[in-house]
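Letter by letter, the chains look like this.
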Amino acid sequence: MFGFGKLKFKGPDKSVLRDEEHIADYQASPEIGKRLRLGKLCLYYRDLGVKYYVPYEYIERAFIRISECHPDDSPAYFYYRLILVHGEKEFANLIFNEEEDADLVLERLKEIRPEIKFGYVPPADGKRRHFM
C-alpha cells in the first residue's frame, strides 16, 4: 500500500529509480565488502541505510585511498576507501575493511568500463579535499 519493502535507489543526480529492471539487476549481483554490488547496468552501494545507483558512464576516475588508525595502546590498522570521481569532484567514498575487496572492485571496473581513469590526481589548486 505504502511501498514499504520495495527497493529504490538514489542516483548521483538525486533522481530515484524503482523499476523492476534495476531491482532485478541489484538482486542478481553478488555483494562485495557488505555494501557494494557491481551489476550489469550500474554500480550499487549502500550508505547510511540509503541504496545508491551509479551508471558506469558517470564514473570518470576511481582510486583507492588508504587510511590508517592508531587506537590507544594497540597496533595501527588500515582501512581502504574506494573513491569515485565525476567532474573532478569525489562523489563516493566507499570504505572496505579488506584490501582485496577494494582491489577487486577496481579490477572489475577496468573490465566493465575501460574508459574510466584510475589513480589519484591532485587538484589543480593544490588543496586536498577532505570528506567529513
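Note that the structure is a prediction, hence the values are computed from the model and not measured.

Core analysis: the largest hydrophobic core is formed by 21 residues, its most contacted members being Leu36, Leu43, Leu84 and Leu109. Within the residue set of this core, elements represented by two or more residues are β4 (36-38), β5 (42-47), β6 (50-55), β8 (77-86), β9 (89-96) and α2 (99-112). Contacts of Leu84, omitting those with residues within four sequence positions, involve Leu43, Ile59, Arg61, Ala62, Lys89, Glu90, Phe91, Ala92, Leu94 and Leu109. Counting eight residues, the second largest nonpolar core, distinct from the first, contains Leu17, Ile23, Tyr26 and Tyr53.

Aromatic ring pairs are defined here through the distance separating the ring centres and the angle between the ring planes. Tallying each qualifying case throughout the model produces six aromatic pairs. For the ring pair Phe9 and Tyr44, a centre distance of 5.2 Å and an interplane angle of 50 degrees mean the geometry is tilted. Highlighted residues: Phe9 in strand β1 (residues 9-10) and Tyr44 in strand β5, separated in sequence by 35 residues. The same class applies to Phe9 and to Tyr44, which are both buried. Ring centres of Tyr45 and Tyr52 lie 5.0 Å apart, and the angle between their planes is 20 degrees; this geometry places the pair in the stacked category. Each member of the pair, Tyr45 together with Tyr52, is buried. Chaining the aromatic ring pairs together yields one cluster made of Phe9, Tyr26 and Tyr44. Note that Arg37 overlies the ring of Tyr26, its terminal NZ or CZ placed 4.3 Å from the centroid. The side chain of Lys110 reaches across the aromatic face of Phe118, ending 5.3 Å from its centre.

Within the protein, residue pLDDT values average 88, and 91% of them lie at 70 or more. Per-element mean pLDDT across the protein ranges from 91 in strand β7 (residues 61-69) up to 96 in β4.

For Lys34, which is not glycine, the phi dihedral falls at a positive 75 degrees. Phi is positive for Glu88, which is not a glycine, with a value near 65 degrees.

For the rest of this paragraph, the subject is the pattern of salt bridges. Under the defined criterion, the tally for this structure stands at seven salt bridges. For Glu31, the salt bridge identified is with Arg37, shortest N-O distance 3.8 Å. Between Glu107 and Lys110 there is a salt bridge; the shortest N-O distance is 3.6 Å. Of the two residues, Glu107 and Lys110 both sit in helix α2, three residues apart, roughly one turn of that helix. Judged by relative accessible area, Glu107 falls into the partly exposed class, the value being 42%. For Lys110, a relative accessible area of 36% translates into the label partly exposed. Salt bridges here are not isolated pairs; linked through shared partners, they connect Glu31, Arg37 and Arg46.

About the cut-offs
Counting from 1, residues in each chain are numbered in the order their sequence is written. In keeping with the model being predicted, local features are shown solely for residues with a pLDDT of at least 70 and side-chain atom pairs are shown and tallied solely at 80 or more, while totals for entire chains, interfaces and linings include all residues. The side-chain figures draw on all heavy atoms in the structure; neither hydrogens nor water molecules are used. Only buried residues count toward a nonpolar core, which is a set of Ala, Val, Leu, Ile, Met, Phe, Trp, Tyr and Cys residues joined through side-chain atoms within 4.5 Å. Exposed residues in this analysis have more than 50% of their type's maximum accessible area, buried residues have under 20%, and partly exposed residues fall in between, with area computed by a 1.4 Å probe over protein chains only. Each helix corresponds to a stretch of at least 4 residues labelled H or I by DSSP, and each strand to a stretch of at least 2 residues labelled E; elements are numbered beginning at the N terminus. Contacts were defined at the residue level, with two residues in contact if any of their heavy atoms lie within 4.5 Å. In this analysis, rings of Phe, Tyr and Trp, with Trp reduced to its six-membered ring, are considered paired at centre separations within 6.5 Å, and the interplanar angle assigns stacked below 30 degrees, edge-to-face beyond 60, and tilted for intermediate values. Think of it as a cone above the ring: NZ of Lys or CZ of Arg counts as a charge over the ring if it is within 6 Å of the ring centre and within 35 degrees of the ring normal. As a per-residue measure, pLDDT reflects the predictor's confidence and takes values from 0 up to 100. Salt bridge, as used here, is a side-chain nitrogen of Lys or Arg placed within 4 Å of a carboxyl oxygen of Asp or Glu.

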